[in-house]
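An overview of the molecular structure
The primary structure of each chain is shown beneath.
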Amino acid sequence: MSDIIRRDPRAEWIARNRLHPLHAAMQTQGQASWMGPNGLVRKNPHVTAAGFIGPSGIKRIDRSGTQQGAAGKRSAATEVVQLPLHLIEQPAFYICVVPDMVGGRLSAHDKDLLGLANKLAGSEGAVVAVVFGEDKESAFDTAGVDRLLRIGGGAFDGYAPETRVLALSAVEAQLAPRHWLLPDSRTGGGELGRRLAAKLGERPATRVWQIANEQATGRAGAGREDLVRKVPRLILAAAECAEPVSETRHEARALDLSTKIAHSLPRIEDLGPVAVDPAQIPMAEAEFILSGGNGVKDWNLFHQAAVALGATEGASRVAVDDGFMPRNRQVGATGTWVTARVYLAVGISGAIQHLQGIGACDKVVAINMDPGCDMIKRADLSVIGDSGAVLAALIELASQYRQGGARDAA
């Protein structure tokens, strides 16, 4: 049986609206996280914590307390810390994860899913990542993958949900996993998970954002209610369903599929992607966003760059208030929360509301004249220089790229 818990929409709205006078009373002073637009807990980028540089060059939070004494001091040399190896030789059971792998790499949603899988696996189970086709990912080990099963072949390329379900059925026959986990996403995981559920005869839990006490909590009723039920075999999880793995590295041992994959005549033909106008894509669904702020001096050049790059346009609140961009293009806690794969911020200093709105973006690139601004600190890649010169260079490079016969990367 499932339990439905109705949520108070006004209380949730106040909890996530930092401008509301009652917001402060609902928060914990100095909190390291806050509630996102869907009620999910998000990290607060302005709460500092002692950390270290991991083996992949990524800064990680120090939970051991050994780095605390160095708080407030800048080390002259970066210390590389080797994460402890989590090794499962004879797993008692398997947890199978089928990540979206958009662009051939693990997305933030995929990493959250692997974090949830490790939580379910505990110390006795092994997390198996099932990946179709070729990939460019080199950090399966630090993402929490104990076994890596690659299923290649042209039949699985592009949009091929029927063929992939047959392959996952072969994995089911070989491993008999305790749980199947797929991202409840628009980029394939949601549809594939529902097709797999029908194939296996399982009733999946959808839009799951929390698993605790052997119960799965998922969103229902247009996000106004929580549906609570016993954890099923097949879970379609939402973004931020769990913390990504950050304290251990895993073997990511290659696993071969010994069970034969059944073949059938496909009823779906993939005719390739359909070109769309990036300006017509809602920002909440955009994969690539070019966002402008107070540092943009030539907005005509900004619009040209968006067209040349094939990006959806966004803006900071200052740019919107000044009339350079429409209100529906405002990014941030007081605008639209975005989950783009790439967020290119041009001349945006990085107010807390804006950083909250881009918290779920995979990669953030910042172009700014101020090397000490918060957006530069948040960015994965920073370019210090005049926005006009950088945008002009990007337009030229994009034009050369297309004239060379290459496809639009956007």
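Because the structure is predicted, anything quoted here is derived from the model rather than measured.

**Digging into the sheet that holds strand 17 (residues 288–292)**
Strand order in the open sheet formed by five strands is 18-17-19-20-21, and the pairing between neighbours is parallel. With one partner strand each, in any of the chains shown, strand 18 (312–315) and strand 21 (381–384) form the two edges of the open sheet. Sheet twist, expressed as the average angle between the axes of neighbouring strands with direction ignored, equals 20°. With five bridges connecting them, strand 17 and strand 19 (residues 342–346) associate as parallel partners. Note that in strand 19 the partner of Ile289 across the bridge is Tyr343. Together, strand 17, strand 18 and strand 19 form the strand contacts of helix 6 (residues 299–309), whose direction differs from that of strand 17 by roughly 175°.

**A closer look at unusual backbone geometry**
Phi angles above zero are rare outside glycine, and Glu240 is one such case at about 60°. Within the element layout of this structure, Glu240 appears in the loop between strand 14 (234–237) and strand 15 (249–250). Its identity as a non-glycine residue notwithstanding, Ala252 has a phi of 50°, on the positive side.

**Points about the pairing of strand 10 (residues 179–183)**
Among the five residues of strand 10, five are classified as buried, and the element is accordingly described as predominantly covered. Alternating positions in strand 10 separate into two faces, His179, Leu181 and Pro183 on one and Trp180 and Leu182 on the other, with burial throughout. One ladder, built from three bridges, connects strand 7 (residues 94–97) with strand 10; its direction is parallel. Residue pairing for strand 10: Cys96 is matched across the bridge by Trp180. Here strand 10 pairs with strand 14 via four bridges, running parallel.

**Description of the packing of aromatic side chains**
Within this structure, the stated rule accounts for three aromatic pairs. Considering the side-chain rings of Trp299 and Phe324, the 5.3 Å spacing of their centres and the 15° angle between planes classify their relative orientation as stacked. Of this pair, Trp299 sits in helix 6 while Phe324 is found in the loop between helix 7 (317–321) and strand 19, placing the two residues 25 residues apart along the sequence. Joined through ring pairs, the aromatic side chains of Trp299, Phe302 and Phe324 make up one cluster. A cation sits over an aromatic face here: Arg178 above Phe93, 3.6 Å from the ring centre.

**Some details on the nonpolar core**
Of all hydrophobic cores here, the largest spans 28 residues; its most connected members are Leu181, Ile211 and Ile235. When residues of this core are traced back to their parent elements, those giving at least two are strand 7, helix 2 (108–121), strand 8 (126–132), helix 3 (140–143), strand 11 (205–212) and strand 14. Per element, the largest residue contribution to this core is six residues, and it comes from helix 2. Not counting chain neighbours up to four residues away, the residues in contact with Ile235 comprise Leu120, His179, Trp180, Leu181, Leu182, Ala205, Val208 and Ile211. Core analysis: the next-biggest nonpolar cluster, separate from the first, contains 27 residues, Cys96, Phe156, Val171 and Trp180 among them.

Scoring rules and cut-offs
- Residues numbered from 1 in each chain as written.
- Predicted model: local features only at pLDDT ≥ 70, side-chain atom pairs only at ≥ 80, totals over all residues.
- Heavy atoms only, no water.
- Pairing = 2+ DSSP bridges.
- Helix = DSSP H or I, 4+ residues; strand = E, 2+ residues; numbered from the N terminus.
- Axes fitted to C-alpha atoms, helices over the stretch in contact; angles between N-to-C directions.
- Contact = heavy atoms within 4.5 Å.
- Buried < 20%, exposed > 50% of the residue type's maximum accessible area, 1.4 Å probe, protein only.
- Phe/Tyr/Trp six-rings, centres within 6.5 Å; stacked < 30°, edge-to-face > 60°.
- Lys NZ or Arg CZ within 6 Å of the ring centre and 35° of its normal.
- Core = buried A, V, L, I, M, F, W, Y, C linked by side-chain atoms within 4.5 Å.

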